Amino acid sequence: MSGSASSGPPSPASDGARHNVVPDALPEPLFTESQIAERVGELAGAIAADPRLTIRPALALVALSGAFIFAGDLLRALYKRGLDLPVDFIGLASYGTGTTTEGTVRLTRNPALEVTDHTVLLIDDIIDSGHTLNFATHHFFDAGAVEVVTCVLLDKPARRVISIAPDYTGFQCPDEFVVGYGMDFAGEYRGLPWVGVIRPPL
Ligand code: IMP
Ligand code: MG
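As the structure is a computational prediction, the values presented were derived from the model and not from experiment. (Residues numbered from 1 in each chain as written. Chains lettered and ligands numbered in written order. Predicted model: local features only at pLDDT ≥ 70, side-chain atom pairs only at ≥ 80, totals over all residues. Heavy atoms only, no water.)

1. Some remarks on the sheet that holds strand S5 (residues 119–127)
Stated formally: For two strands to pair, DSSP has to find at least two bridges joining them. Starting at the N terminus, helices and strands are each numbered in turn, a helix being any DSSP run of H or I of at least four residues and a strand any DSSP run of E of at least two. To define axes, lines are fitted to C-alpha atoms, for helices over the stretch in contact only, and angles between the resulting N-to-C directions are given on a 0 to 180 degree scale. When checking whether two residues touch, look at their non-hydrogen atoms; a contact exists if any pair is within 4.5 Å.
Reading across from one edge, S4-S3-S2-S5-S6-S7 is the order of the six strands in this open sheet, with mixed pairing throughout. Because the sheet does not close on itself, it has two edges, and the strands there are strand S4 (106–109) and strand S7 (168–172). When the angles between neighbouring strand axes are averaged without regard to direction, this sheet yields 25 degrees. Pairing of strand S2 (residues 58–64) with S5 involves five bridges; the strand directions are parallel. Paired with Leu59 across the bridge in S5 is Val120. Where helix H2 (residues 68–80) meets the sheet, it contacts S2, strand S3 (87–93), S5 and strand S6 (147–155), and its direction lies at approximately 135 degrees from that of S5.

Structure (structure tokens):
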């Protein structure tokens, strides 16, 4: 344990710089906490009733890192509606620290759970160009998945390069860079409890 026993705000780092504090620039609100919670409940109702996830072994695969909070809420909502899926994580990188896609997708973490002969519920934060969802879907079929059911919180149809439509979508999203609810810009804003737009200086 570090720091003094006194209460109050954390002390600045010894070099005087402050790290990991909430950014000064507040994003422009796009989807509120209550809107997201309501929509996650609706999605869970529809997904829990999807026979593809109950007629054979199924598992949820969460795309890291931006989908982790959405997936946490969705999986709990699914459980409450009677669907208890094994969960694993897949690492997919298509963005660096900027706001534009690299066009190529890299697998940065392979799930440990078996997907052969399973239905995969793939949970991601955003579909943008479509490269990530397309890559992941092919990856799971190559690994022997029987079916891939896709669910994203946000869809940015204006930026689609690959013709692919998610099975379940939370919200249509304008062609803006969004952060919060697990999604970041250069490592910041993931813990913001709602989704907002940032317009970084070019
Ligand atoms: P795609 O491969 O172009 O469809 O990009 C999808 C991935 O890019 C998502 O899984 C996100 O990780 C990331 N992404 C796309 N748009 C945004 C955004 O506005 N904010 C944060 N991440 C984004
Ligand atoms: Mg992603």
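Now, onward.
2. Concerning the confidence of the model for the chain
Convention followed: For every residue, the predictor reports its confidence as pLDDT, a number between 0 and 100.
Per-residue confidence for the chain gives a mean pLDDT of 90, with 88% of residues at or over 70. Confidence over residues 1–10 falls short of pLDDT 50; this stretch has zero contacts with residues more than four positions distant or in other chains.

3. Let's talk about the pattern of salt bridges
We apply this condition: Salt bridge, as used here: a side-chain nitrogen of Lys or Arg that lies within 4 Å of a carboxyl oxygen of Asp or Glu. Between buried and exposed lies partly exposed: a residue is buried under 20% and exposed over 50% of the maximum accessible area for its type, with that area taken using a 1.4 Å probe on protein chains only.
Applying the stated criterion to the full structure yields 13 salt bridges. Residue Asp167 is joined to Arg52 by a salt bridge in which the shortest nitrogen-to-oxygen separation is 3.7 Å. Of this pair, Asp167 sits in the loop between S6 and S7 while Arg52 sits in the loop between helix H1 (33–48) and S2, placing them 115 residues apart in sequence. Measuring nitrogen to oxygen at the nearest pair gives 2.5 Å for the salt bridge that ties Arg76 to Asp73. On the criterion of helical spacing, the pair formed by Arg76 and Asp73 is a turn pair, its members being three residues apart in helix H2. By relative accessible area, which is 26% here, Asp73 ends up partly exposed. Each of the salt bridges in this network shares a partner with another, and the network as a whole consists of Asp50, Arg52, Arg56, Glu147 and Asp167.

4. What about the nonpolar core?
Heads up, the condition is: We call a set of buried residues a nonpolar core when its members are Ala, Val, Leu, Ile, Met, Phe, Trp, Tyr or Cys and they connect through side-chain atoms within 4.5 Å of each other.
Ranked by internal contacts, the top residues of the largest apolar core, which has 34 residues, are Ile47, Leu74 and Leu154. Contributing elements (two or more residues each) for this core: H1, S2, H2, S5, S6, S7 and strand S9 (195–198). Here the element with the most residues in this core is H2; it accounts for six residues. By size, the runner-up hydrophobic cluster in this structure holds 17 residues, among which are Leu122, Ile127, Leu133 and Val148.

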